[in-house]
Amino acid sequence: MIGMVAFMAAIPIGVSAQPAAYRPGVEVLLRDSLSLLAGRRVGLITNPSGRDRAGRSTIDLLFHAPGVRLVALFGPEHGLRGTAQAGETVASTRDSATGLPIYSLYGADRVPTPTALDSIDVLVYDIQDVGARVYTYEWTMALSAEAAGRAHKPFVVLDRPDPIRGDVVQGGVLDTAFRSFVGQFPVAMRYGLTPGELMRWLVGTGRMSVELHVIPMEGWRRGMWWDATGTPWQNPSPNLRAMDALALYPGMVFFEGTNLSEGRGTEAPFQLVGAAWLTDAGAIARELNALRLPGVRFDSTARTIERGQKWGGATIPMLHVTVRDRDALNPVVVGAHMLRAIYARHPRAFEWNASIDRLFGGTRLRDAVSREGGIEALLPELEVESRAFADSTRRYWLYH
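The model shown is predicted, which means the values in this text are computed figures rather than measured ones.

Visitor: Is there a simple way to think about the pairing of strand β6 (residues 122–126) in this case?
Guide: In summary, the side chains of a regular strand alternate between the two faces of the sheet. Counting buried positions along β6 gives five out of five residues, so the element sits mostly inside the fold. Residues Val122, Val124 and Asp126 of β6 are buried on one face, and the alternating residues Leu123 and Tyr125, pointing to the opposite face, are buried as well. Bridge count between strand β2 (residues 41–46) and β6: five bridges; the pairing is parallel. Paired with Leu44 across the two strands is Val124, which belongs to β6. Judged from the three bridges that link them, β6 and strand β7 (residues 155–158) form a sheet pairing that is parallel. By the bridge assignment for β7, Tyr125 is matched with Val157. Following the chain from β6 across helix α4 (residues 137–150) to the adjacent parallel β7, one finds a crossover that is right-handed.

Visitor: So what exactly am I meant to see when it comes to the sheet that holds strand β12 (residues 296–304) here?
Guide: Within a beta sheet, neighbouring strands are joined by backbone hydrogen bonds and run either parallel or antiparallel to one another. Spatially, β11-β13-β12 is the arrangement adopted by the three strands of the open sheet, whose pairing is antiparallel. Each edge of the open sheet carries a strand with a single partner, namely β11 (272–274) and β12. Taken pair by pair, the neighbouring strands of this sheet meet at an average axis angle of 30°, ignoring direction. Inspection of the sheet shows β11 paired to strand β13 (residues 315–323) by three bridges, in the antiparallel sense. Among the inter-strand pairings, Val273 is bridged to a residue of β13, identified as Leu319. The strands that helix α7 (residues 281–290) touches are β12 and β13; relative to β12, the one it contacts most, it runs at about 165°. Across the sheet, helix α8 (residues 331–345) touches β11, β12 and β13, and the angle it forms with β13 is around 145°.

Reading guide: rules and limits
Residues numbered from 1 in each chain as written. Predicted model: local features only at pLDDT ≥ 70, side-chain atom pairs only at ≥ 80, totals over all residues. Heavy atoms only, no water. Buried < 20%, exposed > 50% of the residue type's maximum accessible area, 1.4 Å probe, protein only. Helix = DSSP H or I, 4+ residues; strand = E, 2+ residues; numbered from the N terminus. Pairing = 2+ DSSP bridges. Right-handed = clockwise from strand over helix to strand, strands pointing away. Axes fitted to C-alpha atoms, helices over the stretch in contact; angles between N-to-C directions. Contact = heavy atoms within 4.5 Å.

So, in structure tokens, the structure goes:
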């Protein structure tokens, strides 16, 4: 069943209408919905992005909330403290501040175990998402909710913004033959939903069964970027540190599926792409600029990559993507054209790795990059799929 609490009706737009101040779901919970947790043993899935506007962590807020018995913590990829690198296994441990057990959801287990669920009465989720289907947090949320449903435990989402706007859907939909931890359900790459709305869609369309409660935000509207909330950005993972990186991520993430650096180990991950053999970066930048892709400009540069990353320890030529108009930007279009431009000049040096089809959600991007005209044929298909996905999710919106 879906249980909705503390729902804030949309304010009609008029001359005198003033938007409410932004408040994340955790603040709304503490103000008027603690009855959901009162007298229950509470488990919390969170990381450093789970906090109120004053910077207080949801762990501390619930640990000290009257009538709430927080008994277990669950950490996603990058860990409860958000410091582990992408793909790095995270161990279960104990929180030094509260003494509570921390169950890793990015180690031997990707969902709460039956033993962990036996120790709680209700499971709460509070993590800032980035609005891209390949980010693992939303799938930690979905799979944990599914496990909670099997154990007959309620699942509560403390809602947070889609930081790259909730009214834009782009990039085509996952082929479920390629489902993985970077895509479990047929969701668009840039999917235009908050975590709570995504869960409402999953439950409402029968893709999973759980007693779901979504605590909505106040003061967030679909056309808002994160910085319009007036709240400082807290990195949800080590390499998404800036609004331009967030805006580009749904397309630049494809370079994780190649032998080019996606900018990890530099000051600007997902804004820089390069390899030692990309010696014609300047010519590629000019070629890409000639396409006049909306919202971006390309330049050539060089960076020394930190050890432990692709091309670590080397100084390599790179393409730098500057966002000039993030509202006009389609990051999947940008990423696809960059891949094709690089591949066309370096078909022997360019290599895919095994993750590319999982990242894209099918083989179509890899196939399109390998042939002339392939990208131009693929992009209209992705646009049609994205429109259809947006239409299918509209009834599950909480915000306008």
